[in-house]
Amino acid sequence: MNIGIVCYPTFGGSGVVATELAKGLANRGHNLHILSYSRPARLDSFRTDIAYHEVDLSTYPLFEYPPYDLALANMMVNLIQFEKLDVLHVHYAIPHATSAYLAKQILNSNASNIPVITTLHGTDITLIGSDPTYKQVVDFSINQSDGVTAVSEYLKTETYRLFDIHKEIKVIPNFIDLDRFKQSQKEHFKKAICGEGEKIITHVSNFREVKRVPDVVEAFNHVLKNGVEAKLLMVGDGPERAKAEQKCRELGMCNHVRFLGKQDQVEEILSISDLFMIPSGSETFGLAALEAMSCSVPVISSNIGGLPEVNIDGETGYLCELADVECMGQRATEILTNEELHSKMAKAARKRAEKFEMDKIVTEYEDYYQEIKQSI
Ligand code: GMT
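Here's a quick rundown of the structure. None of these values were measured; they are calculated from a predicted model.

Here's the deal with the state of the cysteines
A covalent bond between the sulfur atoms of two cysteines is what we call a disulfide.
Part 1 of the argument: Applying the stated rule across the entire model yields 1 disulfide.
Part 2 of the argument: Paired by a disulfide, Cys 320 and Cys 327 hold their sulfur atoms 2.1 Å apart. Its S-S torsion of approximately -75° makes the covalent link between Cys 320 and Cys 327 left-handed.
Part 3 of the argument: For Cys 320, a relative accessible area of 1% corresponds to the buried category.
Part 4 of the argument: Residue classification places Cys 327 among the partly exposed positions, given a relative accessible area of 21%.
Part 5 of the argument: Looking at Cys 194, it has no disulfide partner, and the nearest cysteine sulfur is the one in Cys 248, 17 Å off.
Part 6 of the argument: For Cys 194, a relative accessible area of 7% corresponds to the buried category.

Pasting the structure below:
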């Protein structure tokens with residue numbers, strides 16, 4: 001099939017899932033076309049079976065805000081016509097589902113009946129999508145898609161709760177490349193970061209408010225207060241980084257915390273980690289938690305959104321109530337001071353990650369494309 005994938009190019013979330021899906025589909029002999037405003041971070045090597053199309057935003061003196069959704073729709077029309085796309089799969093509803101609707105309307109006069117599939121990822125529903133500024137358009141655009149998927153049961157329920165959706169939403173969870181995200185020997189790297197016997201707790205995110213990064217620092221402070229010798233690795237960057245740094249200073253424990261900024265090879269950092277912390281205020285799935293689990297790292301997460309569908313309380317780590325940094329610190333201490341428990345949870349985390357194995361989920365998408373193609 002010729003498949004068009006539309007996504008954001010960013011490091012986290014939907015952009016990663018969309019790009020990895022494109023690679024997985026290309027590995028099965030499909031021709032992929034990725035549309036975005038910049039080259040996706042995970043599209044890191046040249047492949048003849050994946051073409052990247054950068055949406056060109058021509059400026060004009062009248063445009064204070066160049067209309068990206070129109071430029072994208074125009075590019076979709078061109079690709080559907082000239083690359084003979086069989087499926088158009090958009091990731092993140094805003095504005096991708098709307099541009100796809102527009103492209104389809106433009107092409108209807110040319111008798112094109114390409115299936116448009118929208119995958120809902122998270123904030124396109126829970127935060128920004130349900131904001132009154134966009135809600136009516138998002139509602140309409142989801143209902144106009146031929147197929148709709150959500151990355152967790154939680155997101156599916158939330159979408160029905162927040163919008164007036166009369167389409168069947170299929171849950172296709174996020175997935176993981178188990179070969180890439182596995183524990184590898186990086187002892188030299190660990191030695192460079194911490195002393196003998198010291199533990200490493202890691203957090204990876206885009207440091208937006210929703211990730212509650214200062215909570216990671218506070219929970220980690222409880223771990224230190226409990227007498228555990230440990231280092232905290234903060235991976236990623238974003239608007240809340242300064243607040244997290246400030247929190248370290250307030251707590252007087254900056255010498256135990258390293259802010260590493262954005263990193264490409266997260267699996268190497270996870271390989272030397274003993275524990276992963278994700279205290280988010282909202283998370284429809286928690287791909288970062290799955291990446292950690294795949295590297296055999298137990299997870300301490302908040303008990304919200306889709307996280308309980310990934311991290312199983314008492315098995316692959318622990319769930320604590322939102323903002324309960326004391327619980328997070330306590331549970332982290334429990335795992336880090338009990339080797340037997342740590343080893344049991346590390347194994348269970350990897351085993352749980354195997355349920356989200358990439359090949360299996362790529363097949364689910366492939367089957368879904370066929371199902372929707374036949375239904376329209
Ligand atoms: O908020 C982000 O981190 C990015 C966002 C997105 O939609 O790009 O991530 C969402 O999608 C990810 C991939 O499906 C999920 O793993 C994240 O849980 C989800 N983020 C939130 O719900 C906050």
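Details of unusual backbone geometry
For residues besides glycine, phi is generally negative; the peptide bonds are generally trans as well.
Part 1 of the argument: Put simply, Ile 94 and Pro 95 share a cis peptide bond, and its omega is -15°.
Part 2 of the argument: With respect to the helices and strands, Pro 95 occurs in the loop between strand E4 (87-91) and helix H3 (96-108).
Part 3 of the argument: A positive phi angle, near 55°, is found at Arg 212, a position not held by glycine.

Regarding the side chain of Lys 231
Part 1 of the argument: Along the chain, the position of Lys 231 falls in strand E9 (residues 230-235).
Part 2 of the argument: Overall, Lys 231 belongs to the buried group, its relative accessible area being 14%.
Part 3 of the argument: Looking at Lys 231, its side chain comes within polar contact range of the side chain of Glu 198, at 3.1 Å.

Digging into helix H9 (residues 241-251)
Part 1 of the argument: Taken residue by residue, H9 has Arg 241, Ala 244, Lys 247 and Cys 248 as its buried positions. For H9, the buried positions fall inside an angular range of 120° around the axis, keeping them on one side. Facing away from the buried side of H9 by more than 90 degrees, the exposed set consists of Ala 242 and Glu 250.
Part 2 of the argument: For H9, the secondary structure elements touched by its buried residues are helix H8 (213-225), E9 and strand E10 (257-261).
Part 3 of the argument: Gly 252 sits one or two positions beyond H9 and adopts a positive phi of about 65°.

Remarks on the pattern of salt bridges
Part 1 of the argument: Applying the stated criterion across every chain, the model contains 23 salt bridges.
Part 2 of the argument: The closest approach of N and O atoms between Arg 28 and Glu 366, which form a salt bridge, is 2.7 Å. Of the two residues, Arg 28 sits in the loop between helix H1 (13-27) and strand E2 (31-36) while Glu 366 sits in helix H15 (residues 358-375), which places them 338 residues apart along the sequence.
Part 3 of the argument: Owing to a relative accessible area of 30%, Arg 28 belongs among the partly exposed residues under this scheme.
Part 4 of the argument: Residue Glu 291 pairs with Arg 42 through a salt bridge whose shortest N-O separation is 3.3 Å. Linking Glu 291 in helix H11 (residues 287-294) with Arg 42 in the loop between E2 and strand E3 (50-54), this pair joins segments that are 249 residues apart in sequence.
Part 5 of the argument: Owing to a relative accessible area of 9%, Glu 291 belongs among the buried residues under this scheme.
Part 6 of the argument: Here the salt bridges share partners, and the residues they tie into one network are Glu 20, Lys 23, Arg 42, Asp 44 and Glu 291.

The rules behind these values
Residues numbered from 1 in each chain as written. Predicted model: local features only at pLDDT ≥ 70, side-chain atom pairs only at ≥ 80, totals over all residues. Heavy atoms only, no water. Disulfide = S-S within 2.5 Å. Buried < 20%, exposed > 50% of the residue type's maximum accessible area, 1.4 Å probe, protein only. Helix = DSSP H or I, 4+ residues; strand = E, 2+ residues; numbered from the N terminus. Polar contact = N/O pair within 3.5 Å; in protein donor to acceptor, adjacent residues only side chain to side chain. Arc of directions from axis to C-beta. Contact = heavy atoms within 4.5 Å. Salt bridge = Lys/Arg side-chain N within 4 Å of Asp/Glu carboxyl O.

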